[in-house]
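# Structural features, examined
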Amino acid sequence: MAAAIYSLYIINKSGGLIYYKDYGSAGRMDTNDSLRVASLWHSMHAISQQLSPVSGCLGIELLQADTFDLHCYQSLTGTKFFVVCEPGTQHMESLLKYIYELYTDYVLKNPFYEMEMPIRCELFDINLTQAVQKDRVAFLGR
Amino acid sequence: MQFFGGSEISPSPPVPTASGNNGHMIYMFNRNGVCLLYREWNRPLRTLNAQQDHKLMFGLLFSLKSLTAKMDPTSAEKGNLGVPQLPGQGCSFHSFRTNTYKLSFMESPSGIKIILVTHPRTGDLRDSLKYIYNLYVEYVVKNPLYTPGSPIRCQLFNTTLDQYMRGIA
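A brief look at the structure comes next.

Thresholds, definitions, all that
Residues numbered from 1 in each chain as written. Chains lettered and ligands numbered in written order. Predicted model: local features only at pLDDT ≥ 70, side-chain atom pairs only at ≥ 80, totals over all residues. Heavy atoms only, no water. Helix = DSSP H or I, 4+ residues; strand = E, 2+ residues; numbered from the N terminus. Buried < 20%, exposed > 50% of the residue type's maximum accessible area, 1.4 Å probe, protein only. Contact = heavy atoms within 4.5 Å. Areas by Shrake-Rupley, 256 points an atom, 1.4 Å probe, with all protein chains shown as cover. Pairing = 2+ DSSP bridges. Axes fitted to C-alpha atoms, helices over the stretch in contact; angles between N-to-C directions. Expected span 1.5 Å × (residues − 1). Buried area = accessible area lost by both parts, 1.4 Å probe. Salt bridge = Lys/Arg side-chain N within 4 Å of Asp/Glu carboxyl O.

Here the focus is the overall build of chain B. Helices and strands together make up the secondary structure of chain B, namely three helices and five strands. In sequence order, chain B lays out its α and β elements as β-β-α-β-β-β-α-α. Counting every position in chain B, which comprises 169 residues, the buried fraction comes to 48%. Here the analysis covers contacts within chain B between residues at least 6 apart in sequence; of these, 52% occur between residues at least 24 apart. Approximately 8,400 Å² of chain B is accessible, and the part contributed by carbon and sulfur atoms is 54%.

This paragraph deals with the sheet that holds strand β4 (residues 102-107) of chain B. Taken together, the 10 strands give an open sheet; going across it, the order is β2(A)-β1(A)-β5(A)-β4(A)-β3(A)-β3(B)-β4(B)-β5(B)-β1(B)-β2(B), and neighbouring strands pair in antiparallel fashion. Two strands bound the open sheet, and with one partner strand each, they are β2 (17-22) of chain A together with β2 (35-40) of chain B. Taking the axes of each pair of neighbouring strands and ignoring which way they run, one obtains an average angle of 10° across the sheet. Bridge count between β4(B) and strand β5 (residues 113-118) of chain B: six bridges; the pairing is antiparallel. Within the sheet, the bridge partner assigned to L103(B) lies in β5(B) and is V117(B).

A few words now on helix α1 (residues 31-50) of chain A. A rise of 1.5 Å per residue sets the reference length of α1(A), with its 20 residues, at 28 Å; its end C-alpha atoms lie 30 Å apart and thus fit the reference within 8%. Among all positions of α1(A), only D33(A), S34(A), V37(A), A38(A), L40(A), W41(A), H42(A), M44(A), H45(A) and S48(A) are buried.

Looking now at the interface of chain A and chain B. Tallying the contact residues gives 36 residues for chain A and 38 residues for chain B. It is L51(A), P53(A) and Q64(A) in chain A that bury the most area against chain B; as a group they hold 21% of the surface buried on that side. Between chain A and chain B we count two salt bridges in total. Among the ionic pairs, E61(A) bridges to R97(B), the shortest N-O distance being 3.3 Å.

Our focus in this paragraph is unusual backbone geometry. Residues and elements named next belong to chain A. In this model, H91 sits at a positive phi of 65°, which is unusual for a non-glycine residue. Residues other than glycine seldom take positive phi values, yet E116 does so here, at roughly 70°. Overall, the relative accessible area of 22% leaves E116 in the partly exposed class.

Listed below in structure tokens is the structure:
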């Protein structure tokens, strides 16, 4: 099954970027740009709830563009995990839920981690790379 | 439907799989942000008044296009965020989905934006949007009484659009 993830972002409930990892896209961004893009996404996510024709809208879950898809998962506390991947990539929702589990295990349970701050947890990075690696293998072969 | 000079309208695309009350609203904007058309068929919730709603929708589209152009993983150099993109310049999105609705978007080379808000399980509506654009060309642009850049007041266009939406909804 061909699957290729370009990048992963995690933003806190105020819209600040706390984690950004690029897995080999040509459009790798510097820190400032990634911060801006994350804040913009946070605002767009909120505005999309206002435009809903029926009540109970929780925000954008999938954005389909010409060259990529963006899958977003929002936890109950407002932390957003979103991944930029190739169009048509399957099973991104389950990957995002799994990344959320890794976040709760390796970041939130880390006593040295300050809430809403950028993530600097080595175990989180290691496990995250493993989780994404199996999707990235097909991409490396391209 | 036959028009002068032969029909160039492609045949109606197939009905999407989800049935029932599929179509919620449609918006059409021109390149300057003027709302040319807003029709709703099923909208239980209205959070803002009409003016603010249109402005918010246009603003959302503008920002999302800016975002997708910047986030494009296949192109190396892009402009800065917030720089207005010409139609067709940079990577643009064609739809997004939330848990309660799906928004499908199309921009013509002249900057006419068509937005359809439907049920979340609707399939790919790009062909339907192209068909609606053709309806706009035939019934609105070719109408000698229509001034470009003004809101659409063509009864024939409205009825044909409603009929088409009932067909795919």
